[in-house]
Amino acid sequence: MSAAPPLRVLSIATLFPDAARPNFGLFVEKSLRALAAQPGIELTIVAPVGLPPFPLSLHKRYRALRALPRTESWNGLTVLRPRFTLIPRVGARYNPAKVARTVLAAVHGIAFDVVDAQFFYPDGPAAMRVGATLGLPYSAKARGADISHFGHDPATRSQVIEAGERAAGLLAVSSAMRGDMAAIGIDPARIAVHYTGVDGARFSPGDRAAARTALGIDDAPAILTVGALIQRKGQALVIEALPALPRVHYWLAGAGEEEGRYRALAARLGVEGRVHFMGPIANADLPQLYRAADAVVMPSASEGLANAWVEALACGTPIVISDAGGAAELVTSPVAGSIVERTSVAIAEAVRAILANPPSPANVAASLGGRFDWDRNGRELAEHLRRCAGR
């Protein structure tokens with residue numbers, strides 16, 4: 001009896017790391033690596049690169065993107081990086097069609113069984129167009145802002161809903177995200193929850209004092225936020241909580257447009273000496289950083305299920321987070337931390353409680369209950385795509 005032919009997957013991933021942005025979409029890369037490791041999977045990844053029209057494309061901001069190879073092996077995965085024209089700020093409604101055209105040109109002559117969209121917008125409506133052209137079923141995954149922003153923006157909402165209606169199958173990063181999709185009119189019965197993974201060999205409890213020494217952090221209480229310095233992530237609320245948290249130092253890992261405002265806020269509140277802007281942190285350095293913190297504090301306005309939440313808990317560090325996305329699916333035990341209102345008062349109270357009675361790192365890590373595993377993530381994705389392809 002002959003073996004079943006491999007499932008030929010075309011994955012569209014506008015969020016995918018590259019040499020210019022090594023931390024960009026790391027969770028997508030890890031999920032696709034886990035998928036490629038499954039038996040009977042033949043994976044082609046297209047990670048379209050958006051560049052503005054000439055002469056804006058010559059700006060130094062885009063120099064590193066222009067230099068990216070059109071095809072490369074990235075951590076063992078073959079990745080195609082065709083270009084499409086991006087209209088900054090106002091062109092979001094046109095991106096799915098542009099992405100679809102560049103994907104079709106990049107894979108011309110290659111046969112597939114199913115199209116996989118790794119982010120719901122623009123990847124989902126792009127996959128819908130590619131699938132229609134090639135006569136293939138497609139799947140799309142919702143992760144956060146692709147629904148909370150693009151699913152509500154009048155310029156893009158209709159494309160998100162249409163992509164949801166026509167897909168052979170849909171994925172959501174949390175049960176809460178599935179509820180958000182249902183709220184804009186996508187049938188929840190067709191959406192499977194697909195949790196992210198975490199590398200347990202790297203993200204695990206360790207010696208907090210040793211981690212602090214390695215990073216040059218003294219023995220003062222330390223709280224941490226990992227993520228872009230943007231308004232939605234809520235770092236301003238944490239800075240505003242610091243006057244009520246004497247001696248506590250706040251470390252911010254990430255970069256973004258709000259940094260100047262955050263620095264000014266810290267100065268105005270007289271806490272600038274306790275607020276430390278670290279800039280972007282390489283993924284390899286994150287476990288040590290999580291271990292060094294007494295708590296990871298992330299009062300986001302919206303999330304799907306933040307990878308930083310999972311990574312922090314895996315390292316044994318409790319989290320203080322807002323009731324956003326899949327928060328309640330993660331903080332299932334008091335040792336994991338707290339879900340709080342998005343106010344500086346509530347944040348300060350939760351941090352004080354953790355500092356007064358710090359949980360055992362081993363118990364914090366155990367609160368994940370083995371639910372977040374990359375091999376499981378890849379196995380479930382393979383099974384889902386086989387169902388979409390009628391296998």
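See the structure above.
Read on for a plain summary of the structure.

Calculation criteria
Residues numbered from 1 in each chain as written. Predicted model: local features only at pLDDT ≥ 70, side-chain atom pairs only at ≥ 80, totals over all residues. Heavy atoms only, no water. Pairing = 2+ DSSP bridges. Helix = DSSP H or I, 4+ residues; strand = E, 2+ residues; numbered from the N terminus. Axes fitted to C-alpha atoms, helices over the stretch in contact; angles between N-to-C directions. Contact = heavy atoms within 4.5 Å. Core = buried A, V, L, I, M, F, W, Y, C linked by side-chain atoms within 4.5 Å. Buried < 20%, exposed > 50% of the residue type's maximum accessible area, 1.4 Å probe, protein only. Salt bridge = Lys/Arg side-chain N within 4 Å of Asp/Glu carboxyl O.

### Some details on the sheet that holds strand β2 (residues 41-46)
Across the sheet, which stays open at both edges, the 8 strands sit in the order β4-β5-β2-β1-β7-β8-β9-β10 with mixed pairing between neighbours. If you trace the sheet from one side to the other, it starts and ends with β4 (71-74) and β10 (191-193), each paired once. Averaged over all pairs of adjacent strands, the angle between their axes in this sheet comes to 25 degrees, without regard to strand direction. As defined by bridge partners, strand β8 (residues 138-142) adjoins strand β9 (residues 169-172) across 4 bridges and the pair is classed as parallel. Counterpart to Ala-140 in the pairing with β9 is Leu-170. Along the sheet face, helix α1 (residues 26-36) touches β1 (7-12), β2, β4, β5 (77-80) and β7 (114-117) and points at about 155 degrees away from the line of β2. Sheet strands in contact with helix α7 (residues 175-183) are β8, β9 and β10, and its direction is about 125 degrees off that of β9.

### A short note on the nonpolar core
Judged by nonpolar contacts, the single largest core of 72 residues is most densely connected at Phe-120, Met-181, Leu-224, Tyr-290, Trp-309, Ile-319 and Leu-330. Broken down by element, the residue count for this core peaks at 6 residues, all from helix α12 (residues 307-314). Not counting residues up to four positions away in its chain, the partners in contact with Trp-309 are Met-298, Glu-303, Ile-319, Ile-321, Ala-324, Gly-326, Ala-327 and Leu-330. Core analysis: the second largest hydrophobic core is formed by 27 residues, Leu-245, Tyr-262, Ala-348 and Ala-350 among them.

### Some words on α12
For α12, a buried count of 8 out of 8 residues is recorded, marking the element as mostly surrounded by other parts of the structure. The set of residues buried in α12 consists of Asn-307, Ala-308, Trp-309, Val-310, Glu-311, Ala-312, Leu-313 and Ala-314. At the exit of α12 stands Gly-316, carrying a positive phi of roughly 85 degrees.

### Quick notes on the sheet that holds strand β15 (residues 319-322)
The sheet built from 6 strands is open, its strands ordered β13-β12-β11-β14-β15-β16 with parallel pairing. The outermost strands of the open sheet, each flanked by one partner alone, are β13 (275-279) and β16 (337-340). Going from strand to strand, the sheet's axes swing by 20 degrees on average, the running direction of each strand aside. In the sheet, strand β11 (residues 222-226) pairs with strand β14 (residues 295-298) via 2 bridges, with the strands oriented parallel. Bridging from a neighbouring strand, Ile-223 pairs with Ala-295 of β14. Together, β11, β14, β15 and β16 form the strand contacts of helix α14 (residues 344-356), whose direction differs from that of β16 by roughly 170 degrees.

### Remarks on the pattern of salt bridges
Considering all chains together, one arrives at 12 salt bridges under this definition. For the salt bridge of Lys-233 with Glu-303, the shortest nitrogen-to-oxygen distance reads 2.7 Å. In this pair, Lys-233 sits in the loop between β11 and α9 (235-241) while Glu-303 sits in the loop between β14 and α12, placing the two residues 70 residues apart along the sequence. Judged on exposure class, the residue Lys-233 and its partner Glu-303 are both buried.

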